[in-house]
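Here is how the chains run, residue by residue.
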Amino acid sequence: MPERMWGTPRWRTPWGAGAGAGRVLTSGRGVHLAVLAAVLALLAVLAVGTDPPAAAEPDAAILVDGPVRVVGGEDVLIGVDGVRYHDTIELAADGQVINELDTERYVAGVAEMPSRWPLEALKAQAVAARTYAWWSAEHGAHAGFDLCATTACQVFRGAEVVLDGGQRWEEAVAATAGEVLVDPEGGPILARYFSTSGGRTYANEEVFPATGARAYLVAIDDPYDAVSPYHRWRVRFTREEFDEILSRGERLVATVPVAEVERTGDVDDVTARFRVTGRDGSVVEVGAVELRDFLSLVAPDRFPDRFPTRRADGLRPLPSTVPSSRFTVEVRDDEVVLEGRGWGHGVGMGQYGARGRAEDGADHRDILAAYYGGLQPTRPAELPDRLRVGLGQREELTLAADDVVAILDAQGQVAVEPALGPWSASRTSGGWRLTPPADHDRELEVGPTRSVPSLTRDGETITVEAEVNKHVVLRLEVVDEAGLPVATRHLGVAEPGLHAATWRLTDDDGDPVPAGTYRLVLTGQDGAGRSAGTPTEVAVEQSARPADGSGPNLPGDLSSGTILLPVAALGLLVLASLLLVIVRRPSRSRP
């Protein structure tokens, strides 16, 4: 899906001859003043282009009791404080923000595995994520929604995952659409997964005794996990650092200065304990998980420039000071060294192990079977079509969609339709105050459509632009000499300012148009249903030829967006450079 532009205004400043056009500056002081004016003009343009849209006056706000639903449809993107989500956003009475959307759209928004990884590993992750989502919805662990958007469930970033270079992940989701893992009764399994096993996974009851043993969540050897940069890791503390950290522990402080730290169980034993002995002979025992959590919490607080340390390949820091409970501690003369393995809870599918298996030629079915007791994915009819994802509680937020949306109240009645532009929402007692953008009631003005020769490529594209004074739904319409429609493209919501669209000289079917004269018009329609736009005539001298992808050709037949600020900035810098050259030349002839 092409990425539509919205959110932050981007402006193009038209340059023309002013009152002093043609005047030659002969004094160095005058030129310096001109350069200063150019710089100030650039700063003014930048200031105008980066200010967020002003909120409307308070008396323009509307109050809606109970939950508020912002409905856009499956393909509409709704921004919540700048993060884009598909379909529907609900503002619950308690402040919880919920994204309701199609199940496959949800899976495409899960951010749990890098999109650059092997496709079969991505497919296995998609099936696991889809299965876990169904399991969570079935077991009703959350009030008002099916699952959360954090690591407490599985990380969900909405439409940003695919729009931010996640096309291969989207491909994996599509290739496994509807596939899940089910138990013998036909229900979803508890498809746990994590990052790195260190060579062996845990059985579910070892780490999560509350959910008990599961036939499909047993401990297995995982040699393919060796591809992980967290397969083995080392953390070094100076003796002074380690003593300072332990001195912050309510019980561990008794062992400072430390003489010895001994693990009392196998490194893969999640129930193992550490015996910490001080130089005075005092002994304190703590669990491996407890010590891991304590060091990971206190070390970066006391020594933020040192912890977490970098992983073995040096590319980035470890995810936490102590990534897992699988570690040993050695107290040396001048340092304390932790040798560890793995990252995460260790139950179910190891993501790096899945990557290693995929690189070795396994397909996603083989990968899933290896980690989930031999189970193979199926496509049951009981899989829910839609899911509700809790995005967290807010007291206030900004909503901005890339298309028109309807705002509904608790009874499903329309409160605002259509809604355009960024709406501010603040929580009130039992409901929400919704404030429209400042231009909500402004009379619609759309400037004449005009061609942009500098962005037009002969025989390939024609670019036109027009200015709007408020948020509108923008579309480009092309008609031929007989007045018959040739192409119509919906360009989404446009902000106040100058916007451009490129026509690739094709009709609605994608076929090249014949030579001739055509009328192009950028039409804007506001929230009140009013439309405006003035056409311009353009000449097509020959049928369109394929574009080589360079220059102003943008993805798709038509693309819309404001002209970028760097164009204006570059022009100003060039002007400033020329003026400085003029200053320097006379100075060479002076004594």
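Only a predicted model underlies this, so the values are computations on that prediction, with no experimental measurement involved.

A.B. asks: I'd like a description of the pattern of salt bridges, backed by residues and values.
C.D. replies: The tally for this structure, following the rule as stated, stands at 39 salt bridges. For Asp87, the salt bridge is made with Arg386, and the minimal N-O distance between the two is 2.9 Å. Of this pair, Asp87 sits in strand 3 (residues 83-91) while Arg386 sits in strand 14 (residues 386-393), and the two are 299 residues apart along the sequence. Judged by relative accessible area, which is 5%, Asp87 ranks as buried. A salt bridge links Glu285 to Arg275; its shortest N-O distance comes to 3.2 Å. Separated by 10 residues along the polypeptide, Glu285 in strand 10 (residues 283-287) and Arg275 in strand 9 (residues 273-278) bring together distant segments of the chain. According to the relative accessible area criterion, Glu285 is partly exposed, its value standing at 30%. Each of Arg69, Asp87, Glu90, Glu100, Arg386 and Arg388 takes part in salt bridges that share partners, so that together they form one network.

A.B. asks: Explain the sheet that holds strand 9 to me, using residue names and the numbers behind them.
C.D. replies: With antiparallel pairing, three strands are arranged side by side in an open sheet as 8-9-10. Single-partner strands in this sheet number two, and they are strand 8 (258-263) and strand 10. Strand-to-strand, the axes of this sheet are offset by a mean angle of 20 degrees, without reference to chain direction. In this sheet, strand 10 lies alongside strand 9 in antiparallel orientation, the contact comprising five bridges. Within strand 10, the position partnered with Arg275 by the bridge is Glu285. Contacts from helix 8 (residues 288-302) reach strand 8, strand 9 and strand 10, with the element oriented near 95 degrees to strand 10.

A.B. asks: Mind laying out the sheet that holds strand 7 (residues 233-238), listing which residues take part and the relevant values?
C.D. replies: The strand order across the open sheet formed by three strands is 7-12-11, and the pairing between neighbours is antiparallel. The sheet is open, and its two edges are formed by strand 7 and strand 11 (327-331), each paired on a single side. Strand-to-strand twist in this sheet, taken as the mean axis angle between neighbours without regard to direction, amounts to 15 degrees. Of the strand pairs in this sheet, strand 11 and strand 12 (residues 335-340) are connected by five bridges, and their pairing is antiparallel.

A.B. asks: Describe empty space enclosed by the protein, listing the residues and the values that go with them.
C.D. replies: Within this structure, the stated rule accounts for two cavities of 30 Å³ or more. Here the largest cavity is characterised by a volume of approximately 80 Å³. Forming the boundary of the largest cavity are 13 residues, of which Leu399, Ala401, Val405, Gly421 and Trp423 lie nearest the centre. Broken down by element, the lining of the largest cavity gets its largest block of residues, three residues, from strand 15 (residues 396-401). Looking at side-chain class alone, the lining of the largest cavity contains 11 nonpolar, one polar and one charged residues. Taken as a whole, the second largest cavity holds about 70 Å³ of empty space.

A.B. asks: Can you break down the nonpolar core residue by residue, with the values?
C.D. replies: Core analysis: the largest hydrophobic core is formed by 100 residues, its most contacted members being Ile89, Tyr106, Leu338, Met349 and Tyr372. In terms of residues, this core owes the most to one element, helix 3 (residues 119-139), which gives 10 residues. Grouped together as the second largest cluster of nonpolar side chains are 23 residues, Leu476, Val478, Ala494 and Val540 included.

A.B. asks: Can you explain the packing of aromatic side chains? Please cite residues and give values.
C.D. replies: Counted by the stated rule, this structure contains 11 aromatic pairs. With a centroid separation of 6.1 Å and an interplanar angle of 70 degrees, the aromatic rings of Tyr230 and Tyr352 are classed as edge-to-face. Residue Tyr230 is located in the loop between helix 6 (204-207) and strand 7, and its partner Tyr352 is located in helix 9 (residues 351-359); the two are separated by 122 residues in the primary sequence. What makes Tyr352 buried here is its relative accessible area of 11%. Chaining the aromatic ring pairs together yields one cluster made of Trp117, Tyr230, Trp343 and Tyr352. The residue whose ring lies beneath Arg357 is Tyr371, and the NZ or CZ to ring-centre distance is 4.9 Å.

A.B. asks: Before we move on, can you summarise helix 10 (residues 364-371) with the specific residues and values?
C.D. replies: Buried within helix 10 are the following residues: His364, Ile367, Leu368, Ala369 and Tyr371. The inward-facing, buried residues of helix 10 abut helix 3, strand 13 (349-350) and helix 9. Capping the start of helix 10 is the job of one residue whose side-chain oxygen sits 3.1 Å from the backbone nitrogen of Arg365: Asp363. Gly373, located one to two residues past helix 10, shows a positive phi value of around 60 degrees.

Cut-off values and rules
- Residues numbered from 1 in each chain as written.
- Predicted model: local features only at pLDDT ≥ 70, side-chain atom pairs only at ≥ 80, totals over all residues.
- Heavy atoms only, no water.
- Salt bridge = Lys/Arg side-chain N within 4 Å of Asp/Glu carboxyl O.
- Helix = DSSP H or I, 4+ residues; strand = E, 2+ residues; numbered from the N terminus.
- Buried < 20%, exposed > 50% of the residue type's maximum accessible area, 1.4 Å probe, protein only.
- Pairing = 2+ DSSP bridges.
- Axes fitted to C-alpha atoms, helices over the stretch in contact; angles between N-to-C directions.
- Contact = heavy atoms within 4.5 Å.
- 1 Å grid on protein atoms, 1.4 Å probe; cavity = no way out; pocket = protein on both sides within 12 Å on 5 of 7 lines; lining within 4 Å.
- Points joined across faces, edges and corners; volume = space filled by probe spheres on them.
- Nonpolar A, V, L, I, M, F, W, Y, C, P; charged D, E, K, R; others polar.
- Core = buried A, V, L, I, M, F, W, Y, C linked by side-chain atoms within 4.5 Å.
- Phe/Tyr/Trp six-rings, centres within 6.5 Å; stacked < 30°, edge-to-face > 60°.
- Lys NZ or Arg CZ within 6 Å of the ring centre and 35° of its normal.
- Polar contact = N/O pair within 3.5 Å; in protein donor to acceptor, adjacent residues only side chain to side chain.

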